[in-house]
Amino acid sequence: MKKTRKVMCFGTFDLLHLGHLNYFQQAKKHGDYLIVVIARDKTKQIQKKDIIFSEKERLELIKNIRIVDEAVFGYPDNHFRIITEKKPDVIFLGYDHKIDEKTLAMKLQQLGLKPKIARAKAFKVGKHKSSLLREKVLKS
């Protein structure tokens, strides 16, 4: 029997758009079970980032996307806890995630985890970028 290859990706996913869907599609190409980790409201408050939809609303939206097999909340106090719990085979980062792949690999190795780390390619950045869309929405 073939082992299921789990892929995990991360984000806030506020103002869901085609760039997010493309991110999920790129991630799913690296495995056959896609776990999407939703950033908590508390995490966004700590980062001083405004959100439009609550974490529960964002989770509900992501759970209902066909390509997503599982949607879960992350942990604001320990971002690695969900990775330790789910043990993905692949960590799939967004093109604009600020963590360095080598630094992430070292931190995961310290936790006894050795998933492959891959990064998404940008999708129509000038059009499908959450920060740009948020500006447009808030201006109207």
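See above for the structure.
A quick note: this is a predicted structure, and the numbers were derived from the prediction, not measured.

About the cut-offs
Residues numbered from 1 in each chain as written. Predicted model: local features only at pLDDT ≥ 70, side-chain atom pairs only at ≥ 80, totals over all residues. Heavy atoms only, no water. Buried < 20%, exposed > 50% of the residue type's maximum accessible area, 1.4 Å probe, protein only. Helix = DSSP H or I, 4+ residues; strand = E, 2+ residues; numbered from the N terminus. Arc of directions from axis to C-beta. Contact = heavy atoms within 4.5 Å. Salt bridge = Lys/Arg side-chain N within 4 Å of Asp/Glu carboxyl O. Pairing = 2+ DSSP bridges. Axes fitted to C-alpha atoms, helices over the stretch in contact; angles between N-to-C directions.

Caption draft 1: Inspection of helix α3 (residues 55-63) at higher detail. Where α3 is concerned, the buried positions are Glu-55, Arg-58, Leu-59 and Ile-62. Buried positions in α3, seen along its axis, are confined to an arc of 100° and lie on one side of it. Contacts from the buried residues of α3 go to α1 (18-28), β2 (33-38), α2 (41-46) and β3 (70-73).

Caption draft 2: Layout of the environment of Val-90. Its place among the elements puts Val-90 in strand β4 (residues 90-93). In this structure Val-90 comes out as buried when scored by relative accessible area, which is 0%. When the C-alpha atoms of Val-90 and Gly-31 are compared, they prove to be 7.7 Å apart, with 59 residues separating the residues in sequence. Residue contacts for Val-90: discarding those within four places in its chain leaves Arg-5, Lys-6, Val-7, Met-8, His-30, Pro-115 and Lys-116.

Caption draft 3: Molecular detail of the pattern of salt bridges. Across all of its chains, the model carries seven salt bridges by this definition. Among the ionic pairs, Glu-55 bridges to Arg-40, the shortest N-O distance being 2.8 Å. With Glu-55 in helix α3 and Arg-40 in the loop between β2 and α2, this pair connects stretches of sequence that are 15 residues apart. For the salt bridge of Glu-85 with Arg-81, the shortest nitrogen-to-oxygen distance reads 3.3 Å.

Caption draft 4: Region of interest: the environment of Leu-16. Tracing the sequence through the fold places Leu-16 in the loop between β1 (6-11) and α1. The sequence separation of Leu-16 and Arg-58 amounts to 42 residues, and the corresponding C-alpha distance is 8.4 Å. Here Leu-16 is in contact with Leu-61, Ile-62 and Ile-65, once residues within four sequence places are set aside.

Caption draft 5: A look at the sheet that holds β1. Strand order across the open sheet formed by five strands is β3-β2-β1-β4-β5, with parallel pairing between neighbours. Lying at the two open borders of the sheet, with one neighbouring strand each, are β3 and β5 (116-119). Recorded for the sheet is a direction-independent mean angle of 25° between the axes of neighbouring strands. Pairing between β4 and β5: four bridges, direction parallel. Across the sheet, Phe-92 pairs through a bridge with Ala-118, a residue of β5. Against the sheet, α3 makes contact with β2 and β3, and its axis sits at roughly 165° relative to β3, the strand it touches most.

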